[in-house]
Amino acid sequence: MTDRQDLPLQHEVTLLELVDRVLNKGVVLSGDITLSVAGVDLVYVGLRLLLASAGTVDRLNGSNGARELEASGSRS
Amino acid sequence: MISALEIDPEAKTRPLWYVYGVVPGDLIPGDESEWPSVGRAGDVELVREGALAALASPVAPSEFDQPSLESRLREASWLEEKIRAHEQVLELVLGHSPVVPFRFCTVYRSREALRAFLSEHRSELEATLERISGKVERGVKAFADRNRLAQATMATTEDSVVEGRSGGRAYLEGRLAEQRNKEEIERMAMELVEKVHARLDQEAEESTFLPPQTRDVSGRPDDMLMNAAYLVEAESPGLEHALADLRRDLGPLGIAFELTGPWPPYNFVPGELA
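These numbers come from a predicted model, not from an experiment.

(A) Summary view of the packing of helix H8 (residues 167-201) of chain B against helix H10 (residues 238-250) of chain B. All names here are of chain B. Their axes nearest at 9 Å, the elements H8 and H10 cross at an angle of 150 degrees. By the angle between their directions, the pair H8 and H10 is classed as roughly antiparallel. Relative to H10, H8 is oriented so that their crossing is right-handed. In this structure, H8 contributes Leu192, Lys195, Val196, Arg199 and Leu200 to the contact, and H10 contributes Leu239, Ala242, Leu243, Asp245, Leu246 and Leu250. Residues that form the contact of H8 with H10 fall into these classes: eight nonpolar, no polar and three charged.

Now the structure itself:
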């Protein structure tokens with residue numbers, strides 16, 4: 001395997017690692033403006049374009065990130 | 001519900017405050033002009049309240065108020081740029097201070113609202129900072145080449161494959177052997193994960209399993225057996241050493257490992273503050 005082949009792949013994986021953490025983990029909410037459930041769906045629309053990988057998006061949609069946002073979003 | 005805009009016409013242009021995370025208030029940042037930002041380059045501030053500070057950027061409502069955000073989130077390039085900036089800011093701090101990472105796109109209407117939040121959640125934020133102080137998150141994934149695992153399990157199932165028969169019976173026995181072999185591979189994979197995790201966990205303060213990624217996501221041809229995160233001492237090489245041992249022991253079985261991080265401890269902070 002050459003470096004040339006590795007690069008685009010590495011770029012994608014790293015971004016995905018980031019997305020997994022930045023979007024699904026970390027302290028959530030208590031902000032005045034936060035990602036609502038609709039917002040989270042939109043992130044996945046963006047991600048679909050970004051990663052062009054339906055598997056990624058389906059898996060992310062299946063995670064409990066959106067549910068947590070929904071639960072805390074009703075609190076204000 | 002009356003929106004802020006209706007009662008305050010200036011709200012449309014006044015900056016909002018995007019929060020990356022929370023750090024101890026006595027953190028002395030480096031050259032802030034060098035900082036990446038989800039807003040303008042270099043525009044990262046420490047908004048202090050008591051013993052805490054939020055790492056935050058003033059951002060334009062035209063990008064980050066609710067309606068704008070919803071359309072921006074569809075833009076792949078915008079999304080990637082902001083997600084990377086969010087992480088880069090946290091990583092700059094990670095080297096010399098504990099930081100409680102926040103989820104992407106946590107935005108306050110004003111500096112005052114942000115400070116009120118810090119004050120309100122002071123005890124939980126301080127306790128979390130103390131718990132993660134000096135520690136970082138590392139990600140470890142284990143991959144298996146199923147064919148090589150199958151070969152390794154062959155020895156145990158070979159006896160049941162009867163050679164030299166033909167017809168339906170041979171077919172049936174072949175299928176049974178195949179099924180047993182498949183179960184054997186699964187059992188072996190589970191044992192491997194337990195063994196790997198037990199070894200790595202010895203080097204960690206805390207740990208958590210994440211859902212394994214599919215091949216599409218991992219970008220690798222082999223199966224992800226394990227996807228885990230470990231909270232470890234930032235300066236300790238323990239996890240790397242354990243991983244080196246595991247690579248040496250399990251490499252011949254076709255097991256490969258991927259180490260990521262150091263990350264801000266995304267997986268080791270409370271999802272929701274009380």
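Okay, back to it.
(B) Here's a closer look at H8 of chain B. Over its 35 residues, H8 of chain B extends 51 Å from the first C-alpha to the last, a length consistent with the 51 Å expected when each residue adds 1.5 Å. Here H8 of chain B has its buried residues at Glu173, Ala177, Asn181, Glu184, Ile185, Met188, Ala189, Leu192, Val193, Val196, His197 and Leu200 of chain B.

(C) Molecular detail of the packing of aromatic side chains. Residue and element names in this part refer to chain B. Inspection of the entire model under this criterion finds five aromatic pairs over all chains. An angle of 50 degrees between the planes, with centres 5.4 Å apart, marks the rings of Phe64 and Trp78 as tilted. With Phe64 in helix H2 (residues 61-64) and Trp78 in helix H4 (residues 76-94), the pair connects residues that are 14 residues apart, well separated along the chain. With respect to burial, Phe64 and Trp78 carry one shared label: buried. Grouped by ring-pair contacts, the aromatic residues Tyr18, Tyr20, Phe64 and Trp78 constitute a single cluster.

Conventions adopted
Residues numbered from 1 in each chain as written. Chains lettered and ligands numbered in written order. Predicted model: local features only at pLDDT ≥ 70, side-chain atom pairs only at ≥ 80, totals over all residues. Heavy atoms only, no water. Axes fitted to C-alpha atoms, helices over the stretch in contact; angles between N-to-C directions. Helix = DSSP H or I, 4+ residues; strand = E, 2+ residues; numbered from the N terminus. Parallel < 35°, antiparallel > 145°, perpendicular 65-115°, else oblique. Left-handed = near helix turned anticlockwise from the far one by under 90°. Contact = heavy atoms within 4.5 Å. Nonpolar A, V, L, I, M, F, W, Y, C, P; charged D, E, K, R; others polar. Expected span 1.5 Å × (residues − 1). Buried < 20%, exposed > 50% of the residue type's maximum accessible area, 1.4 Å probe, protein only. Phe/Tyr/Trp six-rings, centres within 6.5 Å; stacked < 30°, edge-to-face > 60°.

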